[in-house]
Amino acid sequence: MIAKTLLATAIAVAAVNPAFAQAEILGSDRQACVGDGGPAIRVNVTGLKDRTGRLKLELYPANEADFLKDDRDLLAEGKVFRRVWADTPANGAVSLCIRTPRAGRYAILFTHDRDGKNKFNFWKDGAGFPSNKRLGRSRPKVTQAVIDVGNGVTATNIRAQYLRGLGGFAPSDS
């Protein structure tokens, strides 16, 4: 059973992006994305501007009212919230893992904290969501961040975006 689950996870990740099939999984929840893990989300990140600072994934309820709400408020209200940090690797593919409480629909946010100050710096830091739509200048909508998670490991690709002049956030290579 475990061998079948490992094989199914490897095939799913390779199908989403073959370059990440052998990538080291980062973050404190990495064990949820290997073995007989899950439910969890494996996020394959592309487009990092550089290899500085730290990487962060945050898990939110998949509704507009709770999306990007303060974590203390969500937790006090008994709602879903989870955060995973990882140091930015010097090179190689970047994959992070975050556990979910159960299978279901969630919203996920990726950020690249380039200065390591644990506070989003609009001018320097990067962000991304599973939809990979250009973020622009407005507050992101929950529809950009929604992901359906099964009982095992759900893989997705997120392309990091950074502030690019008056047009707002966009991938660094666009």
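Calculation notes
Residues numbered from 1 in each chain as written. Predicted model: local features only at pLDDT ≥ 70, side-chain atom pairs only at ≥ 80, totals over all residues. Heavy atoms only, no water. Helix = DSSP H or I, 4+ residues; strand = E, 2+ residues; numbered from the N terminus. Areas by Shrake-Rupley, 256 points an atom, 1.4 Å probe, with all protein chains shown as cover. Pairing = 2+ DSSP bridges. Buried < 20%, exposed > 50% of the residue type's maximum accessible area, 1.4 Å probe, protein only.

### Looking at the overall build of the protein
Reasoning step 1: The number of helices and strands found in the protein is two helices and 11 strands.
Reasoning step 2: Traced from its N-terminal end to its C-terminal end, the protein shows the element sequence α-β-β-β-α-β-β-β-β-β-β-β-β.
Reasoning step 3: Total accessible area on the protein stands at roughly 8900 Å², and carbon and sulfur atoms take up 52% of it.

### Some details on the sheet that holds strand β5 (residues 94–99)
Reasoning step 1: Reading across from one edge, β1-β5-β2-β9 is the order of the four strands in this open sheet, with mixed pairing throughout. Each of the sheet's edge strands pairs with one partner strand only, and the pair in question is β1 (25–26) and β9 (153–159).
Reasoning step 2: With two bridges joining them, β1 and β5 adopt parallel strand pairing. Across the sheet, residue Leu26 finds its bridge partner in β5, namely Leu96.

### Section: the pairing of strand β6 (residues 104–113)
Moving residue by residue along a regular strand, the side chains alternate between the two faces of the sheet.
Reasoning step 1: Among the 10 residues of β6, eight are classified as buried, and the element is accordingly described as predominantly covered.
Reasoning step 2: Across eight bridges, strand β3 (residues 54–61) lies against β6 in antiparallel orientation. Bridge pairing links Leu55 to His112 in β6.
Reasoning step 3: With four bridges connecting them, β6 and strand β8 (residues 146–149) associate as antiparallel partners. Each residue of the ladder has a partner; that of Gly104, found in β8, is Val149.
Reasoning step 4: Both β6 and strand β7 (residues 126–128) contribute to a ladder of three bridges, which runs antiparallel. Looking at β7, one finds that Thr111 is bridged to Ala127.

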